[in-house]
Amino acid sequence: MIEAYQAVVVIPYGAALVLVAVPSYRVGAQANVVASLATFAAGLWLMLGSRTVGDYAIVDEFNIVFVAINTLVGFTTALFSASYIGHEIETGRLSPPFLRFYHAMFQAMMGSMNLALVANNIGLMWVGLELATLITVVMVGLYRTPQAIEAAWKYFILASVGISLAFFGTILIYLAGQPVLGEGVPAMTWSLLHDAAAAMDPAILDLAFIFLLIGYGTKVGLAPLHAWLPDAHAEGPTPISAVLSGLLLNVALYALLRFKMLIAGQPAALDPGPVMIVMGLVSLIFAAFMLYQRRDIKRFFAYSSIEHMGLMVFAFGMGGPLANFAGLLHMAMHSLTKSSIFFAVGHIAQARGSQRFADIRGLSVTHPRLAVGFALAVLAIAGLPPFGVFASEFLILTTTFAREPWLALLPAFGLLVGFGALLLRLQDTIFGEPVGPAHRVDGSSVPMVLHLLLVLGAGIYLPPVLVAWFQRAAELLG
Amino acid sequence: MLVTSFALLYQQRVAAVLNAFAAQSVTLALAVAWTAWSESRPDLYITAAIAFGLKGVVIPLALHRTVARLGIHREVEKVVGVGIALLVGLALSGLAQALIVKVAPGLPGLGRDQLALALAVVLLGFLMMIVRRNAVTQVVGFMSMENGLILAATGAQGMPLVVEVSVAFSVLIALFVFAVFVFRIRERFDTIDIEALDRMRGDRR
C-alpha cells in the first residue's frame, strides 16, 4: 500500500516520465493538469491522514502546511499554463517540442519540491531542493532569447554557489551530529538530529548555520543574495514566475526553518532569531525602495516577492507561537496572491504584447474584466482589507508591537513604502490612455479568480480548523 | 589540492586553467581513493573513479575541444589582477584554517585538516567564479568548488549519500559544460537563429 507522502513525490515524477513521451502538446497540457490534480488530491490525503515519522520521510503539522500550498498552487498553475501556452505557440515564442519538455520539467520540479518537503533526511532534502532549482534554471532559459539565457546563466551561477554553501553546511551538521548519533544515516535524519541537538557541539552548529543561511538564503531571495531573482522572474515563462514566487521560495524557507528548529535545540549555540530579523528587514526595506524604479511588470512583482519573503523571515526570526503563526499565514496568503498576480500579468502581457509598464497603460479601457481582476490582486498583495494578506500583515505587526514596540516601526515603514509603489503602478496600468496593440485574451481566468476568492475568504473568515492546524505548526517551530 | 587551487587562480590562459583543473581532480581522486582504502568503504571508489574519469579526463578534454573549435578568448578575462587574486586567496585559506581550528577542536586531527583544506578549496573556487568573467572559467570555478565539497564529504567519516551526491554533481556539470557549448554557439550564430526567422514570419501574417 502506497503512503500519501510517497504519492506526492511519485505521481509528479511518474507524470514527468509519461509527459516526455507524449508528442502532442495539447494532450501534454491536459495530462499535466490531470497529474497536478492527482498530486493535489494526494496532498489533501496527506493532510487528512496520519502524521508519521519514518527513516526517510517525515510528515508533521509543519511540513503539511507547505505540501498543501505546494500541491494546490501546482494544480492551478498547471491549469493556467494549459490555457496560456496556446498563445505561445501562435506567436511562435515556443515550439511544440519545447512544450513537451516544459510539461515534463514542470512535473519533475513539483516532484522535487515535494521530495524536499517530506524528506526526513538533510541530504535528501538538499537533493530535492537543488533538483527543483536546477530545473527552474533550465525553464528560465526556455525562450532562448539572449536576455533569457543571460538570466538563466546568472541564476545558475548564484544558485550553484548557494547549492555548494548549503551542502557544506549540511556536511557540518552531519559532523555535529556524528559524535552523538553515530556514523551513517542516523546523523542525517531530521527527527533524530532534532532530538539530539542539545548534545551537539555549539561551535560547529554556529558555523553550519551561517553556511546554511547564506546557501538557502540565496534561494529565499534575501537581500544581498537576491540578484538572480528579478531576472529569472522576468525572462522565464509566466507560469514559472508564478511557481518560483509562490512555491520555490517557500521550499527554501522551509529548509531554513527546519535548521532553525534544529539549532534552537542547543541553547549554547548562536540564536538564529536576530540574524533572521536583520536579514528579513534589510530585504523588506531594500525591495520596497527598489519597487519604484522598475519598468518591467514581472521584475516589479519579483521585487515584491523579495519584500514579502523578507517580512516572513522577519516574522519567523521573531519566533514564538503568535509570530510564527502570522508568518505561516502570510506565507500561505502570499503564495496564493502572488501566483494570481502572475496569472493576471501573463494575460496582460499576452493582451498587450509587452511587459513594460509604459506599454500597458489604460487596461480598464481595453480589457475591463482583466483590469478588475488585476486591480483586486494588487490591492490584495498591498495588504488592504478584507483580503487575507491584510490579516497576516496586521498580525505580524501587532505581535511585534506587543513585544518590541520600536522594532515594529521598521517593517511598518517598509510595507508603507511598498504600498505606495504598488498603488502608483496600479494607477499607471489601469488608467491612462492605452498605447499599442490590444489582442484578445483567450486564456482562462479561473485560476486567478479561484486564488483571489481563497485569499478573500481567508481574510473574512478563517475556519477554526485551519487556525488550529496553523497553530500546531507554529508551536512546532518554537 | 590547495596548490592546484592557487594554480587555477594564477593561470592566464584558458587551456592552462583546464589543465590545472584536471590536475586538481586527479588529486581529489587519489585522496578519495585513499580514504576508501583506509576506512574500507568500497562505495567511495565509485566517487574516486568519477572524479578521475569524468572531471580529470573527459570534461577537461571536452572543454579543450570546445575552446579550440570556437576559438574563444585565449586570454582569460579578469576583474582584478593576478596578484590581488592570489593575496585574497591566501587570506581566504588562512581564514578557513583558523575558522576550522577554532570551531572544531574536537574533531580527530586528520578530519579537521581535511575539512579546513576543503573549505579553503571551496572558497577559492568561489573566488575564481567572482574574479573571472568568462563562462568557461566560471564553470571551472564551480567544478573546483565542487571538488572541495566532495573532499569535505569524504572527510566526514561515514557520511552517507556522498556517492549519490557526486554522481548528481557530475550529471549536473556535464549538463552545464554542454550548456556553455550551446551558449557559445548561440552567441556566434545569433543572427541566423532559426527561431528568429520563425518569429518574423509569424509577425508578417
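Everything that follows concerns the structure shown earlier in this document.
Residues numbered from 1 in each chain as written. Chains lettered and ligands numbered in written order. Predicted model: local features only at pLDDT ≥ 70, side-chain atom pairs only at ≥ 80, totals over all residues. Heavy atoms only, no water.

1. Describing the overall build of chain A
Stage number 1. When helices and strands are tallied, chain A shows 19 helices and 0 strands.
Stage number 2. In summary, chain A has a C-alpha radius of gyration of 21 Å against a globular reference of 23 Å for 478 residues, a match within 12%.
Stage number 3. C-alpha extents for chain A along the principal axes are approximately 65 × 55 × 45 Å.
Stage number 4. For chain A, long-range pairs separated by at least 24 residues make up 81% of all intrachain contacts whose partners lie at least 6 apart in sequence.
Stage number 5. Split by element, the accessible area of chain A, about 15,700 Å² in all, is 70% carbon and sulfur. (Helix = DSSP H or I, 4+ residues; strand = E, 2+ residues; numbered from the N terminus. Rg over C-alpha atoms; globule rule 2.2 N^0.38 Å. Contact = heavy atoms within 4.5 Å. Areas by Shrake-Rupley, 256 points an atom, 1.4 Å probe, with all protein chains shown as cover.)

2. Some thoughts on the pattern of salt bridges
Residues and elements named next belong to chain A.
Stage number 1. In total, this model carries 6 salt bridges over all chains according to the counting rule given.
Stage number 2. A salt bridge links Glu-130 to Lys-219; the shortest N-O distance between them is 3.4 Å. Highlighted residues: Glu-130 in helix H5 (residues 122-140) and Lys-219 in helix H8 (residues 202-220), separated in sequence by 89 residues.
Stage number 3. Judged by its relative accessible area of 5%, Lys-219 falls in the buried class. (Salt bridge = Lys/Arg side-chain N within 4 Å of Asp/Glu carboxyl O. Buried < 20%, exposed > 50% of the residue type's maximum accessible area, 1.4 Å probe, protein only.)

3. Quick look at the packing of helix H3 (residues 61-90) of chain A against helix H13 (residues 320-352) of chain A
Angle between the axes and distance between the axes: these two values describe a pair of packed helices.
All names here are of chain A.
Stage number 1. At their nearest, the axes of H3 and H13 sit 11 Å apart, and the two run at 5 degrees to each other. Classified by the angle their axes make, H3 and H13 are roughly parallel. Across the interface between the two elements, Phe-62, Val-65, Phe-66, Ile-69, Leu-72, Val-73, Thr-76, Thr-77, Phe-80, Tyr-84, His-87 and Glu-88 of H3 pack against Leu-328, Met-331, Ala-332, Ser-335, Leu-336, Ser-339, Phe-342, Phe-343, Gly-346, His-347 and Gln-350 of H13.
Stage number 2. Across the contact of H3 with H13, the residue classes tally to 14 nonpolar, 8 polar and 1 charged. (Axes fitted to C-alpha atoms, helices over the stretch in contact; angles between N-to-C directions. Parallel < 35°, antiparallel > 145°, perpendicular 65-115°, else oblique. Nonpolar A, V, L, I, M, F, W, Y, C, P; charged D, E, K, R; others polar.)

4. Quick notes on the packing of aromatic side chains
Residue and element names in this part refer to chain A.
Stage number 1. Counted according to the given criterion, the structure contains 19 aromatic pairs over all chains.
Stage number 2. An aromatic cluster of at least three residues, connected via ring pairs, comprises Phe-300, Phe-301, Phe-357 and Phe-374.
Stage number 3. Seen from the ring of Trp-190, Arg-258 lies directly overhead, with NZ or CZ sitting 5.9 Å from the centre.
Stage number 4. Over the ring of Phe-357 we find Arg-425; its NZ or CZ atom is 4.8 Å from the centre of that ring. (Phe/Tyr/Trp six-rings, centres within 6.5 Å; stacked < 30°, edge-to-face > 60°. Lys NZ or Arg CZ within 6 Å of the ring centre and 35° of its normal.)

5. Remarks on the side chain of A:Ser340
All names here are of chain A.
Stage number 1. Tracing the backbone through its elements, the reader meets Ser-340 in helix H13.
Stage number 2. Within the structure, Ser-340 has its side chain in polar contact with the backbone oxygen of Thr-337 (distance 2.8 Å).
Stage number 3. Residue contacts for Ser-340: discarding those within four places in its chain leaves Ala-377, Met-448, His-451 and Leu-452. (Polar contact = N/O pair within 3.5 Å; in protein donor to acceptor, adjacent residues only side chain to side chain.)

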